[in-house]
Protein chains: 2
Amino acid sequence: MSTPAENPKKESKKPAKVAFTLKTPKGTKDYTDKDMAIREKVFNTITKVFKKHGAVTIDTPVFELKEVLTGKYGEDSKLIYDLADQGGEQCSLRYDLTVPFARFLAMNGKEYQNIKRYQIAKVYRRDQPAMTKGRMREFYQCDFDIAGTYDSMIPDSEILRILCEALTNLDIGKFTVKLNHRKILDGIFEVCGVPEDNIRPISSAVDKLDKLPWEEVKKEMVEEKGLAPESADKIGEYVKHKGGRELLDYLKKDEVLMANANAAAGLKDMETLFDYLEVFEVMDKMSFDLSLARGLDYYTGIIYEAVTEKSAPPKLAEGVKPQTKKGSDELDESTVGVGSVAAGGRYDNLVGMFSGKNKKGQPNLQIPCVGVSIGVERVFSILMAKQKAEEIKSNETEVFVIAVGDGLLKERMAIAKELWNVGIKASYMFKNKPRLDKQFDVCEKEMIPFAVIIGKDELEKGEVRIKDMRSKNEAQGGGVTVVRADMIKEIQSRLANM
Amino acid sequence: MSTPAENPKKESKKPAKVAFTLKTPKGTKDYTDKDMAIREKVFNTITKVFKKHGAVTIDTPVFELKEVLTGKYGEDSKLIYDLADQGGEQCSLRYDLTVPFARFLAMNGKEYQNIKRYQIAKVYRRDQPAMTKGRMREFYQCDFDIAGTYDSMIPDSEILRILCEALTNLDIGKFTVKLNHRKILDGIFEVCGVPEDNIRPISSAVDKLDKLPWEEVKKEMVEEKGLAPESADKIGEYVKHKGGRELLDYLKKDEVLMANANAAAGLKDMETLFDYLEVFEVMDKMSFDLSLARGLDYYTGIIYEAVTEKSAPPKLAEGVKPQTKKGSDELDESTVGVGSVAAGGRYDNLVGMFSGKNKKGQPNLQIPCVGVSIGVERVFSILMAKQKAEEIKSNETEVFVIAVGDGLLKERMAIAKELWNVGIKASYMFKNKPRLDKQFDVCEKEMIPFAVIIGKDELEKGEVRIKDMRSKNEAQGGGVTVVRADMIKEIQSRLANM
């Protein structure tokens, strides 16, 4: 027997102080074996799609030099986690996978002029958590990006096709990809009279339209950001439009807008993109939505966000804003939606921000990129809500070795070893003399499909019994008796027919 | 065309300051696509073995409340990374996967009285890096642990069998598992006259015997730790022994040792363990080694460490100690070995350290555990040294769609889409009118086995050509012409025969 407590002297030297509450840090959680079984399915589904499109994967450190992250996230920079100064470099936990990827390209641009890479890894944000909605401080992102100088909209259309394939295969229900273009937005702001240095702030205000009613957003533009009310109203007219190809045709008739260089370039991109999306048969999933702005500074071309029915806050219709719980700084989850399940866009200047500049002030290295990030935590929370925990088998064990009678530990071990040797997933009870009913209980609890049952008499005769544990058929009784030498063959054939 | 630099106004507002050296933080590295291809193979090999033995996986946060890690790592606690105090909780990056696992069990002990769990994740240590030997500040660990109250040595023997299966399947060459027992060691120290409060420090000194000659270790015991020289000499006699079952028989004849309760209990455990390891056919891999001590405080039973030929420092035989490079604090890698490729042991009291104590001073929860941690970075560095980088295919693409003549972009897209729809991994060149030789270059560089070649004439006739790109057989010329409707079937059959 293991005798766990026989070294009290060590314990008395270092008393177990558990004066603190035993928990994971705020906004983080453990994933149990059942959570992980679902999660692995999600990752495998996504990875399969990415690899189908030629992706390779890279891995970057969980923390970066602080300077790498500085100046990339606008207002959200305050959410970055820093490591303590313990002498040496100043580091911060990564906020997303995009900036580290751009840093990687800037460092390795010679060998990686172009790459289709995916990365599935955790990122960190000191945000207000809303855990059951999948909004956490530590969470996984699944990113796919295409880097390289290519002809217009070809990689962009493949990214959108990949996104649609992934979301379809994940089986999270109906989804829509909201689509817009930074240049079209900039053009709209320009023709509506937004001063150049107010464009990004006004864009941030527009970005809140999925969470706030227009009146609130207008108020922010006029009162907080000093925009003329008539400019705001003009913007309000534009951003209410959404649709498909017909919206493109409608905008192309807008002479004021088409006279703006940014808007015209953006609309031309969209036209090319729509052609390709039709070839890829995903145009029906798109919603060209002029209210989509995306918060991050670094986008330069198309931007998009995938939403499902669960994305919207349940009470938005009633005009309720996300609220924190009384006496706490955690969000009241009934006031927030799952949010978008994926988002991304084109960012052509981010790599150049790391490469330094030449004498003419141009970046030494320019690698245009387009990518998408799938919010797996949100996907995961949608899937978990559909699935009953007791139905999830988190182990993959195929055979449980059971002894009738006198324990037969070494004999059970020897059978398990035989099974392992040919790759069959097998286990047995870690007891010298386990009770028969206890052994069957484990088999059932762990949802193990087959039992190999041994007894002294059978072993002497060179036989074992095999029982299908899933079958409620009384006819099989104690199982089928087979010659021991045939055990492996018999089990392999049953596994093949599962 | 993507026009990357058209928004100079944004750049001029936030000038790209790259006054810092663009790099990853000290002791960390990026893994390229080729590194990751090898790494995924390693993870898959290990995971397959773990799952064969019934393991499930869990995931814990990358940082823990600081108090969770406090008092668990002895001298090495100074290597823990802390997060900055940004208001709220004090957190630290995890140092290993064992302590978070014990914390998880202490929090969820009701549902998890027993579990076989594996976890593959990164851990963090502010140590002196020796990068090419796989000793880094951020690195992966692959842990497998069996938690639960079971009969003596049954889970312990399965862990050792799992370790041998994993190392064998990883194909890193000949390995040995050094094996010892904390109680045997404690017994030896007691009969050699080591005072109770000096046992752990003396044990730490013994632990250095794989890196330092006995004379140095003795010096540390006597001069630094104040042990009587004759005690040190007695210990020196014991710890030089290693072997198999015969060492057990030899020690059992040592009446002084057998009179010590700890030593007798440890030797009894070893005898039972050896019986089971013989059933599992891994006894030939074991070296019962009395010099193995393991640094960590929390072990209470058997301890082990797997070593390969690359484990020893290259110059140890000449008496050279690990040295830092001149003018730097990085280790001179010619003076260090890869070290052990896996290690572990039994730790029966760790969960209890988190559970609080009852009035009698006993832990509220006691879950005995035994586990092993595979040092994948070291495995990885051994495998990378064997493999030529140019032979590694990091993508999985099966078909490259090539156009002869006028670009045929939408036609290439349509063919790719057809392939994707049935799950075939396909890509094509992101150019409107790519040159034929450039397309073949990509196909070759990315080691894509098959090309589908289309031309205007063929398409009009409803045909495509399929070429085996791996074959140097001139006879296939431009490939085999097939009816377009048969393309999928033809490619599927070729892929099945690869």
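Residues numbered from 1 in each chain as written. Chains lettered and ligands numbered in written order. Predicted model: local features only at pLDDT ≥ 70, side-chain atom pairs only at ≥ 80, totals over all residues. Heavy atoms only, no water.

### Here's the deal with the state of the cysteines
Working definition of a disulfide: a covalent bond connecting the sulfur atoms of two cysteines. Residues and elements named next belong to chain A. Keep this limit in mind: Criterion for a disulfide: a pair of cysteine sulfur atoms at a distance within 2.5 Å. Partly exposed describes any residue whose relative accessible area lies between the buried limit of under 20% and the exposed limit of over 50%, with all areas from a 1.4 Å probe on protein chains only and scaled to the type maximum.
Taken as a whole and judged by the stated rule, the model has 0 disulfides over all chains. Free of any disulfide, Cys164 has its nearest cysteine sulfur in Cys142, 16 Å distant. Assessed through its relative accessible area of 2%, Cys164 is described here as buried.

### A word on the relation of the copies chain B and chain A
What counts, and what does not: The superposition of copies rests on a least-squares fit of C-alpha positions from residues with pLDDT of 70 or more in both. Note on definitions: a residue-residue contact is assigned when non-hydrogen atoms from the two residues lie within 4.5 Å.
When chain B is fitted onto chain A, the two copies agree to an RMSD of 0.1 Å after a turn of 180 degrees and an axial shift of 0.0 Å. In the structure described here, the two chain copies are related by an operation that fits a two-fold rotation axis. The share of interface residues of chain B whose copies in chain A are also at the interface is 99%, consistent with both copies meeting through the same surface.

### What to know about the interface of chain B and chain A
How big an interface is tends to be stated in terms of the accessible area lost upon association of its parts. Convention followed: Summed over both partners, the accessible area lost on bringing two parts together, with a 1.4 Å probe, is the buried area. One speaks of a salt bridge when a side-chain nitrogen belonging to Lys or Arg is within 4 Å of a carboxyl oxygen belonging to Asp or Glu. Pairing of N or O atoms within 3.5 Å defines a polar contact, subject to two protein rules: one partner must be a possible hydrogen donor and the other a possible acceptor, and residues neighboring in sequence count only if both atoms are side-chain atoms. Helix and strand definitions follow DSSP, with helices as H or I runs of at least four residues and strands as E runs of at least two, each counted in order from the N terminus. By the convention adopted, Pro, Cys, Tyr, Trp, Phe, Met, Ile, Leu, Val and Ala count as nonpolar, Lys, Arg, Asp and Glu as charged, and the other residues, Gly among them, as polar.
On the chain A side, the residues contacting the 123 residues of chain B number 123 residues. For the pairing of chain B and chain A, the buried interface totals around 11400 Å² over both sides, and the portion due to carbon and sulfur atoms is 56%. In terms of surface lost to chain A, no three residues of chain B exceed B:Asp59, B:Trp420 and B:Phe430, which account for 7% of the buried area on that side. The interface formed by chain B and chain A holds 14 salt bridges in total. Two residues, B:Arg103 and A:Asp30, come together in a salt bridge whose shortest N-O distance is 2.6 Å. Across the chain B-chain A interface, the total number found is 48 residue pairs in polar contact (both at pLDDT 80 or more). Looking at the side of chain B that touches chain A, the element that brings in the most residues is helix α15 (residues 409-421) of chain B, giving 7 residues. Considered class by class, the residues forming the side of chain B that touches chain A number 50 nonpolar, 28 polar and 45 charged.

### Brief notes about the packing of helix α5 (residues 154-170) of chain A against α15(B)
A pair of packed helices is characterised by two quantities: the angle between their axes and the separation of those axes. As a reminder, the rule being used: In this analysis an axis means a line fitted to C-alpha atoms, helices contributing only their contacting stretch, and an angle means the value between N-to-C directions, from 0 to 180 degrees. Angles below 35 degrees are treated as roughly parallel, those above 145 as roughly antiparallel, those between 65 and 115 as roughly perpendicular, and all remaining angles as oblique. Crossing handedness is defined as follows: a turn of the near helix away from the far one that is anticlockwise and smaller than a right angle gives a left-handed crossing, while the clockwise case is right-handed.
Interaxial distance between α5(A) and α15(B) falls to 13 Å at its minimum, and their mutual angle equals 20 degrees. Classed by the angle they form, the pair α5(A) and α15(B) counts as roughly parallel. Considering how the two elements wind past one another, α5(A) and α15(B) form a crossing that is right-handed. Of α15(B), the residues touching α5(A) (which contributes A:Ile154, A:Ser157, A:Glu158, A:Arg161 and A:Glu165) are B:Leu409, B:Met413, B:Lys417, B:Trp420 and B:Asn421. Class assignment for the residues of the contact of α5(A) with α15(B) results in 4 nonpolar, 2 polar and 4 charged.

### Concerning the environment of A:Gly87
Residues and elements named next belong to chain A. Looking at the element boundaries, Gly87 is found in the loop between α3 (66-69) and β3 (91-93). When its relative accessible area of 41% is taken as the criterion, Gly87 is described as partly exposed. Put simply, Gly87 and Met270 are 183 residues apart on the chain and 50 Å apart in space, counted from C-alpha to C-alpha.

### Some remarks on the pairing of strand β4 (residues 115-124) of chain A
Residue and element names in this part refer to chain A. Spelled out, the test is: When DSSP finds two or more bridges between two strands, those strands count as paired.
The buried count for β4 comes to 9 of 10 residues, which makes it a mostly enclosed element. As paired elements, strand β1 (residues 56-57) and β4 share 2 bridges and run parallel to each other. Its bridge partner lying in β4, Val56 is registered against Arg117. For β4 and strand β5 (residues 138-147), the ladder comprises 10 bridges, and the chain directions are antiparallel. If you follow Tyr118 over to β5, its bridge partner there is Phe144.

### Concerning the packing of helix α10 (residues 245-252) of chain B against helix α12 (residues 261-279) of chain B
Residues and elements named next belong to chain B. Closest axis-to-axis distance for the α10/α12 pair is 11 Å, and the angle between their directions is 155 degrees. When the interaxial angle is binned, α10 and α12 end up roughly antiparallel. By crossing handedness, the relation of α10 to α12 is classed as left-handed. Contacts from Arg245, Leu248, Leu251 and Lys252 in α10 reach Leu267, Met270, Glu271, Phe274, Asp275 and Glu278 in α12. Counted by class, the contact of α10 with α12 contains 5 nonpolar, no polar and 5 charged residues.

### Overview of the side chain of A:Glu64
Looking at the element boundaries, A:Glu64 is found in strand β2 (residues 63-65). Polar side-chain contacts of A:Glu64 include one of 2.9 Å to the side chain of A:Arg103. Filtering out sequence-adjacent residues up to four positions away, A:Glu64 remains in contact with A:Leu69, A:Gln90, A:Cys91, A:Ser92, A:Pro100, A:Arg103 and B:Pro25.

### Side note on the sheet that holds β1(A)
All names here are of chain A. Judged by pairing direction, the sheet is mixed, and its 9 strands sit side by side in the order β1-β4-β5-β11-β10-β9-β6-β8-β7 without closing on themselves. The open sheet is flanked by β1 and β7 (242-243), the only strands paired with a single partner. By the bridge criterion, 7 bridges tie strand β6 (residues 175-181) to strand β9 (residues 302-308) in an arrangement that is antiparallel. In the strand pairing of β9, Lys178 is matched with Glu305. Seen against the sheet, α5 touches β4, β5, β6, β8 (286-289), β9, β10 (342-347) and β11 (369-374) and runs at an angle of roughly 10 degrees to β11.

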